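Here's the letter readout for the chains.
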Amino acid sequence: MSQTVPTGSAAANAPQAMNPVYRKRLLQHRMGMLFSFLAMGLGLFVLAWILLTLVFKGVAALNLGLLTENTPGPGDAGGGLLNPIVGSLMMVGISTLISTPIGILAGVYLAEYGEESKLAQVTRFVTDIMLSAPSIVIGLFIYAIYVANVNHFSGWAGTFAISLIAIPVVVRTTDNMLKLVPSGLREAAFALGAPRWKVAIIVRLRAVKAGVVTGVLLAVARISGETAPLLFTALNNQFFSTNMNRPIANLPVVINQFAMSPYDNWVSLAWGGALLITFSVLLLNVLSRTLFKQQIPG
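Residues numbered from 1 in each chain as written. Predicted model: local features only at pLDDT ≥ 70, side-chain atom pairs only at ≥ 80, totals over all residues. Heavy atoms only, no water.

Engineer: How would you summarise the UniProt feature "domain: ABC transmembrane type-1" (unreviewed entry) in the protein chain if you had to cite specific residues and measurements?
Structural biologist: Listed under "domain: ABC transmembrane type-1" (unreviewed entry) in the UniProt record, and renumbered for this structure, are residues 85–288. Secondary structure content for residues 85–288 is 77% helix and 0% strand, and the end C-alpha separation is 22 Å. (UniProt positions renumbered as here; feature names shortened; annotations may be inferred. Helix = DSSP H or I, 4+ residues; strand = E, 2+ residues; numbered from the N terminus.)

Engineer: I'd like a description of the side chain of Glu112, backed by residues and values.
Structural biologist: Following the sequence through the fold, Glu112 ends up in helix α4 (residues 82–112). A polar atom in the side chain of Glu112 sits 3.1 Å from the side chain of Arg186. Those residues in contact with Glu112 that sit more than four places away from it in its chain are Arg186, Phe190, Arg196, Ala200 and Arg204. (Polar contact = N/O pair within 3.5 Å; in protein donor to acceptor, adjacent residues only side chain to side chain. Contact = heavy atoms within 4.5 Å.)

Engineer: Could you give me a rundown of the UniProt feature "transmembrane region" (unreviewed entry) in the protein chain, with the residues and numbers involved?
Structural biologist: The positions UniProt marks with the feature "transmembrane region" (unreviewed entry) are residues 33–56, 89–113, 125–147, 153–171, 207–225 and 266–287. Secondary structure within residues 33–56 divides into 100% helix and 0% strand; the distance between the first and last C-alpha atoms comes to 34 Å. Helix makes up 96% of residues 89–113 and strand 0%, and the two end C-alpha atoms of the span are 35 Å apart.

Engineer: Help me get a handle on unusual backbone geometry, residues and values and all.
Structural biologist: Here Asn151, not a glycine, exhibits a phi torsion of approximately 65°, which is positive. Within the secondary structure, Asn151 sits in the loop between α6 (135–150) and α7 (155–178). By relative accessible area, Asn151 is classed as exposed at 66%. A positive phi angle, close to 60°, is found at Leu235, a residue other than glycine. When you line up the elements, Leu235 lands in the loop between α11 (228–231) and α12 (251–259). When its relative accessible area of 33% is taken as the criterion, Leu235 is described as partly exposed. (Buried < 20%, exposed > 50% of the residue type's maximum accessible area, 1.4 Å probe, protein only.)

Engineer: Can you lay out the environment of Ile138 for me, pointing to particular residues and giving the numbers?
Structural biologist: Topologically, Ile138 is positioned in helix α6. Judged by relative accessible area, which is 9%, Ile138 ranks as buried. Once the C-alpha coordinates of Ile138 and Glu69 are considered, the two residues, 69 residues apart in sequence, prove to be 32 Å apart. Contact partners of Ile138, with chain neighbours within four places excluded, come to Ala161, Leu164 and Ile165.

Engineer: I'd love a proper account of α4, names of residues and values included.
Structural biologist: Every α-helix winds through 3.6 residues per turn, so residues three or four apart in the chain are directed the same way. Relative to the 45 Å expected for 31 residues at 1.5 Å per residue, α4 spans 44 Å between its end C-alpha atoms, a close match to the ideal helical length. The sharpest bend along α4 comes to roughly 25°, located at Ser99, with the proline Pro101 sitting one to four residues further on. (Expected span 1.5 Å × (residues − 1). Bend = angle between axes of the 7 residues up to and from the residue.)

Engineer: Could you give an account of the packing of α4 against helix α9 (residues 196–207), naming the residues involved and the relevant values?
Structural biologist: The geometry of α4 relative to α9 is characterised by a closest axis approach of 11 Å and an angle of 115° between their N-to-C directions. Of the possible angle classes, the one that applies to α4 and α9 is roughly perpendicular. The two elements α4 and α9 cross, and the hand of that crossing is right-handed. Across from Ile104, Val108, Ala111 and Glu112 in α4, the residues of α9 making contact are Arg196, Ala200, Ile201, Arg204 and Leu205. In terms of residue class, the contact of α4 with α9 is built from six nonpolar, no polar and three charged. (Axes fitted to C-alpha atoms, helices over the stretch in contact; angles between N-to-C directions. Parallel < 35°, antiparallel > 145°, perpendicular 65-115°, else oblique. Left-handed = near helix turned anticlockwise from the far one by under 90°. Nonpolar A, V, L, I, M, F, W, Y, C, P; charged D, E, K, R; others polar.)

This is how it looks when you write it as structure tokens:
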């Protein structure tokens, strides 16, 4: 009577499958994968729930008046978000102009000149702290050193606050991207007689310019929806104003104020403003991951 003998991988896996240690590890692996998929599904479900709720309630407020009219008074019908949109664009735009050169130059210093520098180590440490610091702490800091001394809220104070939030993002992104440039590229530039500052700016930074632009866009996306620091710095203004030396309207604070109001029109405008910020940030993230996708030279 013939007997079938397992061959190949089946013969090798048969004793392994009977091993109790292997079976225990296989069970643990499967349980881990199951819990991982459940956690991922729960996260996606909550995210989809939030986005669908935002879209459902925000679309109802979308109209031409939302972008062309100023915020209405209490109990008034109609109105829009023109003044907070303009205020937010001004503060975010000026903050980007402030934080981009500072962050890029600091990142270049850390990557090129700060390998063994104590100052670079301290800078990296402080940058990491600022990245993880609550934004309300930065708002209180600007309030203490600026607002309390000039005795009034202003758009400049809000700009300085969100600039301090954006700078660490640009610094770390630039530093990390420059470290991805192969050492052979630097050595070739040095061999041709290029000074170190030209190697840093023209060779290394140019090689990762798309990654640095991505970091700038991510910083802009982060500061676009910050509310806490603006409550202590820019505050709000129910009228249209472009005076950066006075309280100025901005979307995050207006959304916070309108969402908690008893007026249905204000609540509807708050949902519309939240939808505008969400899709603006989404657009910036899509741009940073598609149009500026970087290939590091090898």
